[in-house]
Amino acid sequence: MWWDERVSARFRRNLQPTLTYWSVFFSFGLCIAFLGPTLLDLRCQTQSSLSQITWVFFSQQFCLLLGSCLGGVFKRTLSQSLLALFASSLAISLVFAIIPLCHNVVVLAVVMAVAGLAMGCIDTISNMQLVKIYQKDSAIFLQALHFFVGFGALLSPLIADPFLSDTNCILSNSTANASSNLPHIRKSLVPHHPGNLSHYDLPMKGMVVTRVSYAFWIMALINLPVPIAVFFLLYKERMVPCVNSSNHPLLSADELAMETRPAEKDDLSTAAQRAQAAGGHDDLFSCCQSKNFRGASYTYFAVHITGALVLFMTDGIVGEYSGFVYSYAVEEPLSVVHKVAGYLPSLFWGFITLGRLISIPVSYRMKPATMVFINVVGVLITFLLLLIFSYSVVFLFVGTASLGLFLSSTFPSMLAYTEDILQYKGCATTVLVTGAGIGEMVLQLLVGSIIHDRGSYSFLVCGMIFGGLAFTFYALLLFFHRMYPKPSSDVDAASSPDKPAVTADTGQYQR
């Protein structure tokens, strides 16, 4: 294997929980990308206007952000975390099954709000639990985690595509005229941003003809093994309600045989519990309590804030670029034909997924700080070249692929780097996930408003500004890292692989 035996052994010890968290993140990706391509068919199903149906986007995105903030509430015990993941992954399957039954746009928005809450909980808890398990070795496993969300985001539109309506799915006297706008409208909704569609008039009354229900039922079945996997982990850990609990960790027979001295085992468990109690990873509201601020240096807050601001910008770029690159391409001066421009969002997400796959082995050989530096510099240079060659359609495709590669590993690398700085005692996971979610929502709305007022060229200018701000905040994070208090010698000794581990960084799946 291309990693060392220590990391390999640690992965084997935590194989089942790690695979479970990865599969749950697949659910997250499956749910995040289906709405854009299917929204026109859902508009027909609910017999609503375009302006009404686009509120479904807002309900999902807002509740995703809210779920990210609340996800840390369930981190207090492993049982709470797994129960929350089970409920969230099961809710996503139920949402897929229920969507075809929603014939009112308000009901659909409520259902998508539930999906958003589930996705937010999955986002926070899965990142948090992997960081807890692997700590200083978490970078490679976080990269793999975010590969699965990209894989799910690629798969759900492919599942939906055969069942999408080729013509307007509400048959009326104006169907023929309205159907000519469908390709442009549908591409404007990919992957999950409504764009400016108020000037399109589609029929709201008539006979509904759509087969999109089959796509959602297929996705519900594909996602069903995920809550089953979480339930199996709960059962294996004896955390299912009404089943007798056990205090034994998830260890193999060989590992249990090595535990020959009970006194040392008890000391290890006690030390691990103490370290976990001091380890932070609270929900956003607990992080903001004044008791957590006592005795903390200004660099403690600065690391949290600058790390969140970097992801605010980079995740915001992902949202605004994927949401508006199609609209930018079909406008002057490029005037790309609609069918060709429609490949741009897919190309962008495809290279994000490819970049996350490549980052899995790379993250083992390269430090997270170096990877983030390459990412933010690459984003800045790509936007600069896109501005210079703004009249080149070929370079727009090249730049889109390049931007996807550079943005792909930013979030997991930044999370691993920030948690490493804080020695796994801050609230970095919750703060960074929340900052990234806010950035994706806010920058989409901001760029949409600017494009409407200033024209399509401002799309690249905004990206260049956001990339420059991301680089600036990262430089500040490096500065505060140098100022941050170094770990004490006993922590260094405990984290050494050559000495007995007496902290939470034991490589075992702790409760």
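Residues numbered from 1 in each chain as written. Predicted model: local features only at pLDDT ≥ 70, side-chain atom pairs only at ≥ 80, totals over all residues. Heavy atoms only, no water.

Trainee: Looking at this structure, how should I read unusual backbone geometry?
Mentor: Working note: non-glycine residues mostly have negative phi, and peptide bonds are mostly trans. Despite not being glycine, Gln-135 has its phi angle at roughly 45°, a positive value. Looking at the secondary structure, you find Gln-135 in the loop between α7 (105-134) and α8 (138-160). At Ser-335, a position not held by glycine, the phi torsion is positive, near 50°. With respect to the element layout, Ser-335 can be found in the loop between α16 (298-330) and α17 (338-341). (Helix = DSSP H or I, 4+ residues; strand = E, 2+ residues; numbered from the N terminus.)

Trainee: I tried to follow empty space enclosed by the protein on my own but got confused; where do I start?
Mentor: The probe, sized like a water molecule, is rolled over the atoms to show the empty space still left. By the definition in use, this model includes 3 cavities of 30 Å³ or more. Put simply, the largest cavity is a space of about 400 Å³. If you trace the largest cavity, you find 24 residues lining it, with Phe-28, Ile-32, Asp-315, Arg-356 and Glu-440 closest to the centre. Mapped onto the lining of the largest cavity, the elements with two or more residues apiece are α2 (15-32), α5 (55-70), α8, α16, α18 (343-365), α20 (393-408), α21 (410-421) and α22 (428-454). Among the residues forming the lining of the largest cavity, the class breakdown is 15 nonpolar, 5 polar and 4 charged. Split by domain, the lining of the largest cavity shows at least three residues from each of two domains, domain 1 (1-170 + 207-240) and domain 2 (296-486). (1 Å grid on protein atoms, 1.4 Å probe; cavity = no way out; pocket = protein on both sides within 12 Å on 5 of 7 lines; lining within 4 Å. Points joined across faces, edges and corners; volume = space filled by probe spheres on them. Nonpolar A, V, L, I, M, F, W, Y, C, P; charged D, E, K, R; others polar. Domains from an automatic or database assignment.)

Trainee: Help me understand the packing of aromatic side chains in this model?
Mentor: The geometry of an aromatic ring pair is captured by the separation of the ring centres together with the interplanar angle, meaning the angle of the planes. With the rule as written, the count across this model stands at 25 aromatic pairs. Ring centres of Phe-389 and Phe-395 lie 5.1 Å apart, and the angle between their planes is 45°; on these two criteria the pair is classed as tilted. Overall, Phe-395 belongs to the buried group, its relative accessible area being 19%. The structure contains a cluster of three or more aromatic residues connected by ring pairs, namely Phe-11, Trp-22, Phe-26, Tyr-134, Phe-141, Phe-147, Phe-148 and Phe-151. (Phe/Tyr/Trp six-rings, centres within 6.5 Å; stacked < 30°, edge-to-face > 60°. Buried < 20%, exposed > 50% of the residue type's maximum accessible area, 1.4 Å probe, protein only.)

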